[in-house]
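Geometric and topological summary
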Amino acid sequence: MDVSYILNDLNDAQRDAVTADSPGTLVLAGAGSGKTRVLVHRIAWKIKVEGLSPYSIMAVTFTNKAAREMRSRIEELLGGQLNGGMWVGTFHGLAHRLLKAHAQEARLPENFQILDSDDQLRLLKRIHKELNLDDSRWPPRQSASFINGHKDEGRRSAHIDEYRGDLYLQTMLRVYRRYEEACQQQGVIDFAELLLRALELWRDNPAVLSHYQQRFAHVLVDEFQDTNAVQYAWLRILAGNGMSITAVGDDDQSIYGWRGARIENIQQFSKDFTDTRIIRLEQNYRSTATILKAANAVIANNSQRLGKELWTSGEDGDRISLFAAFNEQDEARFITDRMEDLLRQDYARSDIGLLYRSNAQSRILEEALIRAGIPYRIYGGQRFYDRLEIKNALAYLRLTSLRDDDTAIERVINTPTRGIGNRTIEILREFARDHQLSLWKSAVTVIQQGILPARAGNALRAFLSLIEDLAEKTADKPLDEQVDIVIQASGLIEFHGNEKGEKGQARVENLQELVSAARGFESDDPDADLLREFLDQAALDAGDQQADEHEDSVQLMTLHSAKGLEFPVVFIAGVEENLFPHKMSVEDPARLEEERRLAYVGITRAEQKLYLSYAESRRLHGQENFNSLSRFIREIPSELIDEVRINNTVTRPSSYNRNLGMSSRAEQSAAAHGMMLGQRVLHSIFGAGIVLGFEGQGASARVQVNFEDEGNKWLVLQYANLQVL
Ligand SMILES: Nc1ncnc2c1ncn2[C@@H]1O[C@H](COP(=O)(O)OP(=O)(O)OP(=O)(O)O)[C@@H](O)[C@H]1O
Ligand SMILES: [Mg+2]
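Residues numbered from 1 in each chain as written. Chains lettered and ligands numbered in written order. Predicted model: local features only at pLDDT ≥ 70, side-chain atom pairs only at ≥ 80, totals over all residues. Heavy atoms only, no water.

Looking at an unreviewed UniProt entry, one finds the chain named DNA 3'-5' helicase, with Spongiibacter pelagi as its source organism. Check the Sequence similarities (unreviewed entry) section of the UniProt entry for the chain; it says "Belongs to the helicase family. UvrD subfamily." (UniProt positions renumbered as here; feature names shortened; annotations may be inferred.)

Okay, here's the thing in structure tokens:
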């Protein structure tokens, strides 16, 4: 059998890593050196040459999207389809699969549901209320990160010592305990819980564990540097029994310390897994020599490193462009202008990645892209399954299969409005709390006992029979019909359709899109409960760092979500002190090093061209900031950088606009009204918005404003009465 094609496109060190027969293999290598490629080829090698069944392989990736890509790359190499037998997915996805198969042993109801971060917050708000905690003093978000942080470290509330006198800890513990009870009672589990439960399942059920230890002969992990304590413990417990394990990672790319990831796992690996071979890859295949030199120069400033060399045989390529913008509008304009140039050359939109440190930066960039007519897509932004109307529809669907899902009830009990007021909901919550019942069961009892005033009782009864009705109507129907029935009969379509403007229209379209999504939904498992799988997939996708659509559009994302990806052209916007490094990190050396690793990740995403930009003045979160160039960029040798300064003498807004090529007359009228491009303004009816453009002059001068709620509008300047914010 000729298997040379598996090794053909690999260098010696990569081949070594693909074919290594050590029980533990750790590939430690810098960005773009082919770690992910090695994993894919190693799996193909295991199957084709060593004769392992795909069924006995488990591969862990960083996102669901990466898992799908990995699967299809392996299929390409093997020249055939893999069935569902091979486990490829994120830690969360795999843990979920495991828990579904062993719900009972994991102390979960068969039909447990995933609680996404939004729902988690909603539940915590409720608990705070129940415990009489004032949200302004005890923000529910803070409780969420307390709970998630402890779960990431494997600690339940019972494991935490409650030393006296510390009000903070005591309060957080009360919330944590109540939260654990509530989740258990409702049969819902959050993201961190998925991992912890999966670990406990194996730890507490030797029979289950031994089944999987026998099943999996090999487990492979990508982006190993970002595993947290629970994930690592999970791997360890699985691989304890002679199974072999391959991990690939780069300590310089560890960027999730703030979410519990532990770089130390890399050093721990060769201690915990006996006979580990460490293989280093040193050739970078992704970036030009210039980009690589810049990345190496930046990361060299970190002190906590395992130390790696990275070289390329590639060309120097272009120098890195650095643009000093006057403000964030100017920066956005620079970026879209460059993009237009690139698109006129041979680049496709999907060749371009636009990265930024903080999500809040995207709005201005998006507006500039819209203005320039450049299609874009946001990774990790408001995704389909995160949208309000979709979550409403999913909540109804969840209730058709699990009535005790309190979070779903809270979401839709009065959406669409049906006369169930806050007072009724309060009564239900209290009743549920006092009798340790779910909201659904409480509602049933409250009605039976006639506790509610007649009108409220009727409204509640109508809601309960609506859900029963939906369950009955959807039973045994194909998935898409179920979704269709639910969105119609629940009244959601009508409700959202009645919302004014384009927003309502978009919501209706999204609901219809959900029916199409259900139609296209398939499962690997012929016996699967499709609705269940569909709901679970939606929750997992909503928690994913990256969206999975590939259209020809420019790709926008935070630096964190860019991990593992590559683009021929990369823009990094906002390379300023206090933004990047983030102001929360500048004081703390360890956090500063994590920010520097993030800079390294960002720079090494670029294959051919890298554009950096910063704004001398930036309005963010409603405040004007004046920051200097990021220290990370100052760490790049200056001979690698071309500084671009289009209008460095300009400080006055009006001439600044002229330099950007605006029609000067229109601009003068605008200036007369005290406005400039990018200005935030307030309209008495349409609310707040951003000035996108001007045209005409005198009495016919018009201004284009993108309103936050009402979208784009052209207004006659003279009558618009815009108030400058
Ligand atoms: N031997 C090789 N010959 C040609 N191209 C290669 C080789 N090895 C890797 N590549 C290419 O180099 C690029 C980087 O590879 P890959 O994404 O696997 O690197 P990585 O180490 O996983 O990077 P990161 O640390 O960013 O995740 C990819 O486009 C890959 O196809
Ligand atoms: Mg990779």
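With that settled, consider helix α16 (residues 388-401). The end-to-end C-alpha distance of α16 is 20 Å, a good match for the 20 Å that 14 residues give at a rise of 1.5 Å each. Burial of α16 is extensive: 12 of the 14 residues sit out of reach of the surface. Those residues of α16 not exposed but buried are Glu 389, Ile 390, Lys 391, Asn 392, Ala 393, Leu 394, Ala 395, Tyr 396, Leu 397, Arg 398, Leu 399 and Thr 400. (Helix = DSSP H or I, 4+ residues; strand = E, 2+ residues; numbered from the N terminus. Expected span 1.5 Å × (residues − 1). Buried < 20%, exposed > 50% of the residue type's maximum accessible area, 1.4 Å probe, protein only.)

A cis geometry characterises the amide bond from Thr 415 onward to Pro 416, with omega recorded as -5°. For Pro 416, the location among the structural elements is in the loop between α17 (406-412) and α18 (422-435). The amide bond that connects Phe 580 to the next residue, Pro 581, takes the cis arrangement and shows omega of 5°. The residue Glu 223 is not glycine, and still its phi comes out positive at about 50°. Its location among the elements puts Glu 223 in the loop between β6 (218-221) and α11 (229-238).

To continue, consider the site of ligand 1. Contacts to ligand 1 come from 19 residues, most closely from Lys 35, Gln 253, Arg 286, Glu 566 and Arg 605. Contacts to ligand 1 include Ser 33, whose backbone N or O atom sits 3.2 Å from an oxygen atom. In the environment of ligand 1, an oxygen atom lies 2.7 Å from a nitrogen or oxygen atom belonging to the side chain of Arg 605. Notes on ligand 1: free accessible area 640 Å², of which the protein chains cover 82%. Here the shell around ligand 1 gets three residues from one element, more than from any other, and that element is helix α3 (residues 35-48). (Near = heavy atom within 4 Å. Polar contact = N/O pair within 3.5 Å; in protein donor to acceptor, adjacent residues only side chain to side chain. Areas by Shrake-Rupley, 256 points an atom, 1.4 Å probe, with all protein chains shown as cover.)

Glancing now at empty space enclosed by the protein. Per the stated rule, a full pass over the model turns up four cavities of 30 Å³ or more. The space that makes up the second largest cavity amounts to roughly 100 Å³. Lining of the second largest cavity is provided by 13 residues; of these, Arg 126, Glu 130, Arg 178, Ala 182 and Asp 406 occupy positions nearest its centre. Of all the elements in the fold, those that place two or more residues in the lining of the second largest cavity are α6 (117-130), α8 (167-186) and α18. Partitioned by chemical class, the residues of the lining of the second largest cavity number five nonpolar, two polar and six charged. (1 Å grid on protein atoms, 1.4 Å probe; cavity = no way out; pocket = protein on both sides within 12 Å on 5 of 7 lines; lining within 4 Å. Points joined across faces, edges and corners; volume = space filled by probe spheres on them. Nonpolar A, V, L, I, M, F, W, Y, C, P; charged D, E, K, R; others polar.)

The end-to-end C-alpha distance of helix α25 (residues 589-603) is 21 Å, a good match for the 21 Å that 15 residues give at a rise of 1.5 Å each. Counting buried positions along α25 yields 12 of 15 residues, so the element is predominantly enclosed. If you check which residues of α25 are buried, you get Leu 592, Glu 593, Glu 594, Glu 595, Arg 596, Arg 597, Leu 598, Ala 599, Tyr 600, Val 601, Gly 602 and Ile 603. Among the structural elements, α13 (289-299), β10 (352-356), β13 (567-573), β14 (606-620) and α26 (631-634) are those in contact with the buried residues of α25. (Contact = heavy atoms within 4.5 Å.)

The next subject is the pairing of strand β1 (residues 24-29). Of all the six residues making up β1, six are buried; the element is thus mostly covered by neighbouring parts of the structure. Residues of β1 alternate between two faces, with Gly 24, Leu 26 and Leu 28 on one and Thr 25, Val 27 and Ala 29 on the opposite face, all of them buried. Here six bridges tie β1 to strand β8 (residues 276-281), and the two strands are oriented parallel to one another. Residue Ala 29 lies in a different strand from β8, and its bridge partner there is Leu 281. Looking at chain direction, β1 and strand β7 (residues 244-249) are connected through five bridges and run parallel. (Pairing = 2+ DSSP bridges.)

A few words on the side chain of Arg 178. Topologically, Arg 178 is positioned in helix α8. Judged by its relative accessible area of 12%, Arg 178 falls in the buried class. Sequence-distant contacts of Arg 178, defined by excluding residues within four places in its chain, comprise Ile 127 and Glu 130.

What follows is about the environment of Cys 183. Looking at where Cys 183 falls in the secondary structure, it is placed in helix α8. The class of Cys 183 is buried, set by a relative accessible area of 7%. Residues Cys 183 and Arg 286, 103 residues apart in the sequence, show an inter-C-alpha distance of 45 Å. Apart from the residues within four sequence positions on either side, Cys 183 is in contact with Leu 115, Leu 123 and Val 188.

What follows deals with the packing of aromatic side chains. Any pair of aromatic rings gets described here by the distance separating the centres and the angle formed by the planes. A full pass over the atoms with the stated rule returns 18 aromatic pairs. Over the ring of Trp 440 we find Arg 403, and its NZ or CZ is 5.6 Å from the ring centre. (Phe/Tyr/Trp six-rings, centres within 6.5 Å; stacked < 30°, edge-to-face > 60°. Lys NZ or Arg CZ within 6 Å of the ring centre and 35° of its normal.)

Counting 48 residues, the largest nonpolar core has Leu 394, Tyr 396, Ile 413, Leu 460, Phe 463, Val 483 and Phe 534 as its most contacted members. Considering each element in turn, this core owes the most residues, eight residues, to helix α20 (residues 454-474). One finds Ala 106, Phe 191, Trp 234 and Phe 269 within the second-largest nonpolar core, a separate group that totals 45 residues. (Core = buried A, V, L, I, M, F, W, Y, C linked by side-chain atoms within 4.5 Å.)

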